[in-house]
Amino acid sequence: MAFQSFLMTPLDGLLSNSETNAETQVLKLFRQVTASVPAYQLFLKKHGIDPASIETFADFQQIPLTTKQSYLQHYPLAQLCRHGQLETCDMVAVSSGSTGQPTFWLRSLIDEFQIATRFEQVFHDSFWADQRRTLAVVCFALGTWVGGMFTASCCRHLASKGYPITVITPGNNKVEILRVVRELAPLFDQTVLLGYPPFLKDVIDTGIAEGIPWQNYGIKLVMAGEVFSEEWRSLIGSRIGSTYPCHDFASLYGTADAGVLGNETPLSICIRRWLAENPGVARELFGESRLPTLVQYDPGLRFFEVQEGTLLFSGNNGIPLVRYHISDQGGIIPFNRMLKFLADRGFDPVKALSGTFPQVEGRGIRPLPFVYVFGRSHFTVSYFGANIYPENVTVGLEQTPVCEWVTGKFVMQVEEDPDRNEFLSIVVELAPGIEGNDAKRGAIAHSITHHLKRLNSEFANYVPKFFQTPHIILKPTGDPEYFPVGVKHRYTKRP
């Protein structure tokens with residue numbers, strides 16, 4: 001029945017939940033979970049909560065938060081599932097998260113349809129894939145890891161619904177991806193690469209070196225997992241021949257815990273690109289000197305709250321989650337509030353978007369709320385009292401000619417010289433075949449310093465001028481100490 005409903009309901013109908021009372025929906029979810037999930041029943045009992053006492057949304061907001069440590073790792077896997085039965089789910093995936101400790105995640109086919117709707121929104125609103133023969137190349141790792149199989153399933157659901165989409169799954173095998181593109185991309189109207197941003201950049205750069213004419217294949221990118229800058233989007237857009245950056249890219253905000261929570265839309269990208277050019281307004285809106293991921297979400301399926309600057313969400317999954325805290329820094333902005341804030345500062349994103357794409361017809365402009373995400377706070381370093389974010393450093397590496405020398409990966413840390421003076425050290429990965437020298441180190445240091453001062457007011461004002469230029473160390477591609485191949489990259493290293 002769920003499959004039939006997904007197949008027969010147009011996208012506009014699937015997104016109609018956004019018009020319902022989201023607070024009523026989340027209370028309904030709470031009652032369903034308390035009635036059917038043994039672990040959550042025990043969790044509430046442990047905290048002295050009588051489910052019958054939760055009658056209003058104000059009551060709901062007093063319920064203790066669940067976390068991976070206090071909830072998911074505290075109860076047996078079966079008890080986290082509906083009715084305490086693992087067999088209510090039909091798929092298990094694994095994620096390593098930020099700690100490297102593998103975690104099992106269960107889901108059912110029904111759960112996939114909620115996430116497939118996020119993919120449908122991207123493929124329909126951004127890529128017009130209902131009207132174009134589309135090759136979807138899944139470049140996430142396959143096997144038990146959560147991203148690849150989930151993405152492949154959701155793309156196949158769209159094909160089942162009637163979208164002219166053909167899915168192929170080379171995974172994160174770069175040689176196989178390039179072979180697929182060479183042989184199959186010319187047979188389609190457009191080709192969508194789905195993967196993590198640094199990996200897709202490596203695929204594109206390698207393809208250019210091997211003579212692949214990306215600009216001939218209508219390349220679109222679907223990404224997840226990392227915050228990237230608008231300079232990065234423009235850089236990659238220039239390399240793939242992108243004409244409409246607001247419609248050729250889409251980043252997904254998701255977690256292994258609950259799948260895709262929200263997605264970039266042409267409207268959210270248009271807004272983010274304007275904010276990137278107006279960092280003062282961005283700081284006013286987001287409260288920080290870095291640009292977060294900005295997506296829209298359906299509050300009827302994923303309900304967000306903000307507590308002390310971090311995000312909580314509730315949603316139905318193979319393992320249902322209520323007021324789940326994932327340590328992501330960020331916030332939520334209602335649709336009308338966002339447009340008013342921008343209008344008060346002289347920017348109309350709806351008008352701007354219509355002027356960038358000749359066939360908008362309202363696609364990509366939906367009255368859904370926004371959620372912005374900075375990522376985990378432990379990826380920053382503190383230097384002279386200034387918080388330095390990877391996003392700030394990234395922009396410096398994306399400038400010409402620096403971007404031609406590096407892969408985009410780096411590791412930053414605060415160290416001390418023999419006189420115990422602190423200095424900022426940044427280890428940068430060189431692109432394949434590139435050798436480092438003093439001239440490159442100097443140019444990279446200058447670019448990073450310039451953009452740190454431009455984007456991060458704390459850095460510009462807290463760090464004495466003499467200490468602002470970072471010490472740059474250049475390492476070859478795949479350096480085993482800093483950039484091991486196949487391992488989730490960390491942008492900071494603590495003493």
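Preceding block: the structure.
Rules and cut-offs
Residues numbered from 1 in each chain as written. Predicted model: local features only at pLDDT ≥ 70, side-chain atom pairs only at ≥ 80, totals over all residues. Heavy atoms only, no water. Helix = DSSP H or I, 4+ residues; strand = E, 2+ residues; numbered from the N terminus. Buried < 20%, exposed > 50% of the residue type's maximum accessible area, 1.4 Å probe, protein only. Polar contact = N/O pair within 3.5 Å; in protein donor to acceptor, adjacent residues only side chain to side chain. Contact = heavy atoms within 4.5 Å. Axes fitted to C-alpha atoms, helices over the stretch in contact; angles between N-to-C directions. Left-handed = near helix turned anticlockwise from the far one by under 90°. Nonpolar A, V, L, I, M, F, W, Y, C, P; charged D, E, K, R; others polar. Parallel < 35°, antiparallel > 145°, perpendicular 65-115°, else oblique. Pairing = 2+ DSSP bridges. Phe/Tyr/Trp six-rings, centres within 6.5 Å; stacked < 30°, edge-to-face > 60°. Arc of directions from axis to C-beta.

Caption draft 1: View of the side chain of K201. When you line up the elements, K201 lands in helix α10 (residues 197-209). For K201, a relative accessible area of 5% translates into the label buried. In terms of polar contacts, K201 uses its side chain to reach the side chain of D205, at 2.8 Å. Setting aside its immediate chain neighbours within four residues, K201 contacts W232, L235, I236, R239, C403, V406 and T407.

Caption draft 2: Layout of the packing of helix α13 (residues 266-277) against helix α15 (residues 335-344). Relative to each other, α13 and α15 sit at 35°, their axes nearing to 13 Å. Note on packing geometry: the crossing formed by α13 with α15 is left-handed. Touching L267, I271, W274 and L275 of α13 are F335, M338 and L342, all from α15. Looking at the contact of α13 with α15 residue by residue, the class counts come to 7 nonpolar, no polar and no charged.

Caption draft 3: Seen up close, the packing of α10 against helix α11 (residues 230-240). In contact at an axis separation of 10 Å, α10 and α11 are set at 30° when each is read in the N-to-C sense. It follows from the interaxial angle that α10 and α11 lie roughly parallel. For the pair α10 and α11, the sense of crossing is left-handed. The residues of α11 that touch α10, namely those facing P197, K201, I204, D205 and I208, are W232, L235, I236, R239 and I240. Partitioned by chemical class, the residues of the contact of α10 with α11 number 7 nonpolar, no polar and 3 charged.

Caption draft 4: How the structure looks around the sheet that holds strand β18 (residues 471-475). Read from one edge to the other, the open sheet built from 3 strands follows the order β16-β17-β18, with strand pairing classed as mixed. For this open sheet the edge positions go to β16 (406-416) and β18, each flanked by a neighbour on one side alone. Here the average twist between neighbouring strands, direction ignored, is 25°. Sheet topology note: the strand β17 (residues 422-430)/β18 ladder contains 5 bridges and is parallel. Within β18, the position partnered with I426 by the bridge is I472.

Caption draft 5: The packing of aromatic side chains, seen in detail. Under the criterion given, the structure shown has 24 aromatic pairs. Ring geometry for F30 against F60: centres 6.2 Å apart, planes inclined by 80°, an arrangement best described as edge-to-face. Residue F30 is located in helix α3 (residues 22-36), and its partner F60 is located in helix α5 (residues 57-60); the two are separated by 30 residues in the primary sequence. We note that F30, like F60, is buried. Taking the centre distance of 5.0 Å and the plane angle of 45° together, the rings of F228 and W232 count as tilted.

Caption draft 6: Region of the structure containing α15. Burial in α15 covers these residues: F335, M338, F341 and L342. Buried residues of α15 fall within an arc of 135° about the axis and therefore sit on the same side. Turned more than 90 degrees away from the buried face of α15, the exposed residues are N336, R337, K340 and D344. Where α15 terminates, the next one or two residues include G346, which has phi positive at roughly 85°.

Caption draft 7: Focus on unusual backbone geometry. P401 follows T400 through a cis peptide bond whose omega is 5°. For P401, the position within the fold is in the loop between α17 (390-397) and β16. Unusually for a residue other than glycine, H83 sits at a positive phi of about 60°. Relative to the helices and strands, H83 is located in the loop between α6 (68-72) and β1 (91-95). The class of H83 is exposed, set by a relative accessible area of 54%. Its identity is not glycine, yet E308 carries a phi of approximately 50°, on the positive side. In this fold, E308 is placed in the loop between β10 (302-307) and β11 (310-315).

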